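# What the coordinates show
So the chains spell out like this:
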Amino acid sequence: MCLLVLLGCDYVLEDEYFKVVAPPTTEDVQLSLPDVGDTIYLFTKTLVKYRIESGSKEILKLEVFLDEEPVSTDSPEAYAFWVDARTFPTGYYPLRLEFTISGGSGSLADIGGVETQKVKKEWTIFMDKTPPGKVAFEEIYPESGTLMLRWSPYPNNNFQAYELEKYCFDSRYEKYYLCGTLTVAEQSEMEIADSAFIGGKALYKIRVKGSDQYSDFSDKTYAFAIDTKLRWQWIADNDLELVWEKSPFHENLRHYELGQKNSYSPAILTNTSDTVHFYSFVFGEWSLYELKIVPKSEQERNMLSFTTEIYKGDKVHSLLNTAFFDRTRNRYYALNKSGKWTPDSLIMIGAETNFIEKRLGLENNSAFAVSPNGQWAYAAYDDVLLKIDLNTLAVQQTYSFTDLENKDAVLKPYRGMFVNDSNHLMLELSTGNFVVDMHSFSIRHRTFDRIHMISPDGSQLYKKGALHTWNGRSYVEVGPLYQPENLRRVRQYAADSLLLIYTDWFSIVDAQSGTELKRVPLKSEWNKSNSVSYDPHHHLLGQYIPQENEKEVDFEVYNLLTDESRNIRIGNTHRYGFFILNNKLVCSKGYILSLD
């Protein structure tokens, strides 16, 4: 029997007996973190996800080391682990991932899990707990119909968000209130549009969130005073064009609303490009119109509204029907009543500005007279007569009607008075009608007949249709001059002629002979009242012309020199008076319309 023992053998291995398995590389391992150079910046609790391209090789084990300390991870199949930067002081820390994967050779050792490979990947992590610094608004400006906000960039890597707040200004209570917030998550985004701003004033604030902390706020105020006052111009005697300035933030607007304030009439809605509206209006009427700017934003409640008083012509102050224009001083003088229960006052109004420059308080039922040459002026009420300085409205001297006759005498209510260029005053008192020589404050003439006019030099007096001349002691009738029946007023038309205003017509007559030079009929029965007015400087005569619609009335302006006329639609003639003065149509409500 023979025993053969093989103690060993030597042989040369052939390549066909080997299976080459490529080792995994670090390029196959990827994290979900943003790489900045070779450093990863973390500043809060972050879920780190990883991915490794291992092909058919199974990941057997994952180990994470942060600052050489193991980090708790879920199973490798979870492909994620947490790093809480808030638990580390600010600084640099190494992060290492070690993967154990199967060998992938297919051998019995590989199948048995004995043959393995290890992959390591390392990063540097900067744990940043530095509080973020401030950013500031660089510019706030209108552009392309909206409002743009631009701020300085935040340079650090611990950025989380820009946070903006908007505070609208409430002009009624003079304070700001929070009206909007916005979070911008992109660090590179440094400009936004405020699509809700429509004008007024707003305060904007901005801060940075970084490392789960907040910077201080920076703020900037932006104000834009939109001029939304309605302007108007007349494109015909009675047609009005309303215009307002287009908002530079028109892309933020839903529409304009234009309506009559405190009216049941519906508001007019216009789009943002329509800034003109036509409206029918008459002289002497007025109304409060409200223009509202309505934003598109549903959250924006800061709707702007502006109220404008619309009227035809220029506005002065409410006048009584006695007014005078002095060419030398370029001033209007009129009686004024500022309220129902307030007494009358005498006012001086600048013809260029239409502002009240001086005021002199009087009493109810006052009268006022200025001589045509502007040299003499008087105001009266009850038994008081005041001599007035037209430059200052100061009272130069006070008289009493009782002293004039040595018995009780008062001015008749609602009666006017007239003073001529030679300082002779025509008065209607409770005791009769008078011509008073104001140089001596003495009665020059007394009568119970109505005195229509006295000539500029005081030598001629007109009453009861007759001319009376001064003989040194009294006025003596020299003969009939005109028809006295239905005569309303007599005015000096020229140096040698008179204007006679009757109930049904007006005439120009020769002042000496009474010869009628011109007669013009009044055009309506409605004028059988004291409603005809006369502008002696421009030879214009005005009268009311009712229309078929009883609510509509025209004011006819008739030129006595050219016989031309024009009609202007006017407002409520039952409440307000209308008269011509200095080539202007005046409404006693306080409006003046140039007739040029």
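Residues numbered from 1 in each chain as written. Predicted model: local features only at pLDDT ≥ 70, side-chain atom pairs only at ≥ 80, totals over all residues. Heavy atoms only, no water.

## Re the overall build of the chain
Quick reminder of the rule: Counting from the N terminus, the helices are the DSSP runs of H or I reaching at least four residues and the strands are the DSSP runs of E reaching at least two. Relative accessibility under 20% of the residue-type maximum defines a buried residue, over 50% an exposed one, and the middle range a partly exposed one, all with a 1.4 Å probe and only protein chains included. Here, two residues are considered to be in contact whenever any of their heavy atoms come within 4.5 Å of each other. All accessibility values rest on the Shrake-Rupley procedure with a 1.4 Å probe; residue burial counts only the protein chains present in the view.
Along the chain, the regular secondary structure elements total two helices and 52 strands. Looking at the chain residue by residue over its 596 residues, the buried ones come to 47%. The long-range share in the chain, meaning contacts at least 24 apart out of those at least 6 apart in sequence, stands at 51%. Counting only carbon and sulfur atoms, one obtains 48% of the accessible surface of the chain, whose full area is about 31,600 Å².

## Regarding the sheet that holds strand S40 (residues 466-470)
Here is the rule: Two strands are said to pair when DSSP picks up at least two bridges between them. To obtain each axis, a line is fitted to C-alpha atoms, and for helices this fit is confined to the stretch in contact; angles are then taken between N-to-C directions over 0 to 180 degrees.
Read across the open sheet, the four strands follow the order S38-S39-S40-S41; overall the sheet is antiparallel. On the outer flanks of this sheet lie strand S38 (451-454) and strand S41 (475-480), each paired with one strand and no other. Strand-to-strand twist in this sheet, taken as the mean axis angle between neighbours without regard to direction, amounts to 25°. Summarising the sheet, S40 and S41 pair through five bridges and their orientation is antiparallel. Across the sheet, the residue bridging to Thr 469 is Val 476, located in S41.

## Considering the state of the cysteines
Test applied: For the purposes of this analysis, a disulfide is any pair of cysteine sulfur atoms at a distance within 2.5 Å.
Across all of its chains, the model carries one disulfide by this definition. Residue Cys 168 pairs covalently with Cys 179 via a disulfide, S to S 2.1 Å. Given an S-S torsion of about 80°, the disulfide between Cys 168 and Cys 179 has right-handed geometry. Remark: Cys 179 occurs in strand S13 (residues 175-184) and Cys 168 occurs in strand S12 (residues 159-170); sequence separation between them is eleven residues. On the accessibility criterion, Cys 179 (17% relative accessible area) is buried.

## Remarks on the pattern of salt bridges
Applied cut-off: Salt bridge, as applied in this entry: a Lys or Arg side-chain nitrogen positioned within 4 Å of an Asp or Glu carboxyl oxygen.
A full pass over the atoms with the stated rule returns 19 salt bridges. A salt bridge links Lys 120 to Glu 98; its shortest N-O distance comes to 3.9 Å. Linking Lys 120 in strand S9 (residues 116-127) with Glu 98 in strand S8 (residues 91-102), this pair joins segments that are 22 residues apart in sequence. One salt bridge in this structure joins Glu 357 and Arg 331, with 2.6 Å as the shortest N-O distance. Of this pair, Glu 357 sits in strand S29 (residues 356-361) while Arg 331 sits in strand S27 (residues 331-336); the two residues are 26 residues apart in sequence, bridging distant segments of the chain. Taking relative accessible area as the criterion, Glu 357 reaches 35% and is therefore assigned partly exposed. You can call Arg 331 partly exposed: its relative accessible area is 24%. The network of salt bridges with common partners includes Glu 68, Arg 96, Glu 98 and Lys 120.

## Some details on the environment of Ala 511
Tracing the sequence through the fold places Ala 511 in the loop between strand S44 (505-510) and strand S45 (516-521). Taking the relative accessible area as the measure of exposure, Ala 511 reaches 3% and is therefore buried. Sequence spacing of Ala 511 and Ala 494 is 17 residues, and the spatial spacing of their C-alpha atoms is 8.9 Å. Apart from residues lying up to four places away in sequence, Ala 511 is in contact with Tyr 462, Leu 467, Leu 481, Asp 496, Ser 497 and Leu 498.

## Here's the deal with the environment of His 255
Along the polypeptide, His 255 turns up in strand S20 (residues 253-260). His 255 gets classed as buried once you look at its relative accessible area, which sits at 16%. Along the chain, His 255 and Thr 270 lie 15 residues apart, while their C-alpha atoms are 5.6 Å from each other. With residues near it in sequence (within four places) discarded, His 255 still touches Leu 269, Thr 270, Lys 292, Ile 293 and Val 294.

## Let's talk about the nonpolar core
Keep this limit in mind: Side-chain atoms within 4.5 Å are what join buried Ala, Val, Leu, Ile, Met, Phe, Trp, Tyr and Cys residues into a set we call a nonpolar core.
Core analysis: the largest hydrophobic core is formed by 33 residues, its most contacted members being Trp 151, Tyr 162, Leu 164 and Tyr 204. Only strand S10 (137-143), strand S11 (146-151), S12, strand S15 (200-210), S20, strand S23 (286-295) and strand S24 (304-311) provide two or more residues apiece to this core. Counting residues per element, this core draws most heavily on S15, which supplies four residues. Tyr 50, Leu 66, Val 83 and Phe 99 belong to the second-largest nonpolar core, a separate cluster that totals 23 residues.

## Describing the sheet that holds strand S49 (residues 565-570)
One open sheet accounts for four strands, arranged S46-S47-S48-S49; its pairing is antiparallel. Strand pairing shows two members of the sheet lacking a second neighbour, strand S46 (533-535) and S49, which therefore form its edges. Looking at each pair of strands side by side, their axes are set apart by 25° on average, direction ignored. Judged from the six bridges that link them, strand S48 (residues 553-559) and S49 form a sheet pairing that is antiparallel. Opposite Val 553, over in S49, you have Ile 570 as the bridge partner.

## So, the packing of aromatic side chains
Counted only if it meets this: A pair of Phe, Tyr and Trp rings is counted when the ring centres sit within 6.5 Å of each other, with Trp represented by its six-membered ring. The angle between the planes then sorts it: under 30 degrees is stacked, over 60 is edge-to-face, the rest tilted.
Within the structure shown, the criterion is met by 21 aromatic pairs. With 6.5 Å between their ring centres and 70° between their planes, Phe 137 and Tyr 204 make a pair best called edge-to-face. Here Phe 137 is found in strand S10, whereas its partner Tyr 204 is found in strand S15, with 67 residues between them in sequence. A relative accessible area of 3% means that Tyr 204 is categorised as buried. Arranged with centres 5.8 Å apart and planes meeting at 65°, the rings of Tyr 544 and Phe 555 form a pair that is edge-to-face.

## Structural notes on the pairing of S12
With eleven of twelve residues buried, S12 lies mostly within the body of the structure. Direction of pairing for S12 relative to S15: antiparallel, over a ladder of nine bridges. The residue of S15 that forms the bridge with Glu 163 is Arg 207. Here nine bridges tie S12 to S13, and the two strands are oriented antiparallel to one another. By the bridge assignment for S13, Phe 169 is matched with Tyr 176. Between the antiparallel neighbours S12 and S13 lie four residues, among them Glu 174 with a positive phi of about 55°.

## Looking at the confidence of the model for the chain
What counts here: pLDDT is a residue-level measure of predictor confidence that goes from 0 to 100.
Counting all residues, the mean pLDDT for the chain is 81, and 81% of those residues have values of 70 or more. Across the chain, the secondary-structure element scoring lowest on mean pLDDT is strand S2 (residues 35-36), at 50, and the one scoring highest is S11, at 96.

## Regarding the pairing of S23
Residues in a regular strand project their side chains so that they alternate between the two faces of the sheet. In terms of residue burial, S23 counts as a mostly covered element, since seven of its ten residues are buried. Sheet topology places S20 next to S23; seven bridges connect them, and they run antiparallel. Bridging from a neighbouring strand, Glu 257 pairs with Lys 292 of S23. Sheet analysis places S23 next to S24, joined by eight bridges and oriented antiparallel. Within S24, the residue paired with Ile 293 across the bridge is Leu 304.

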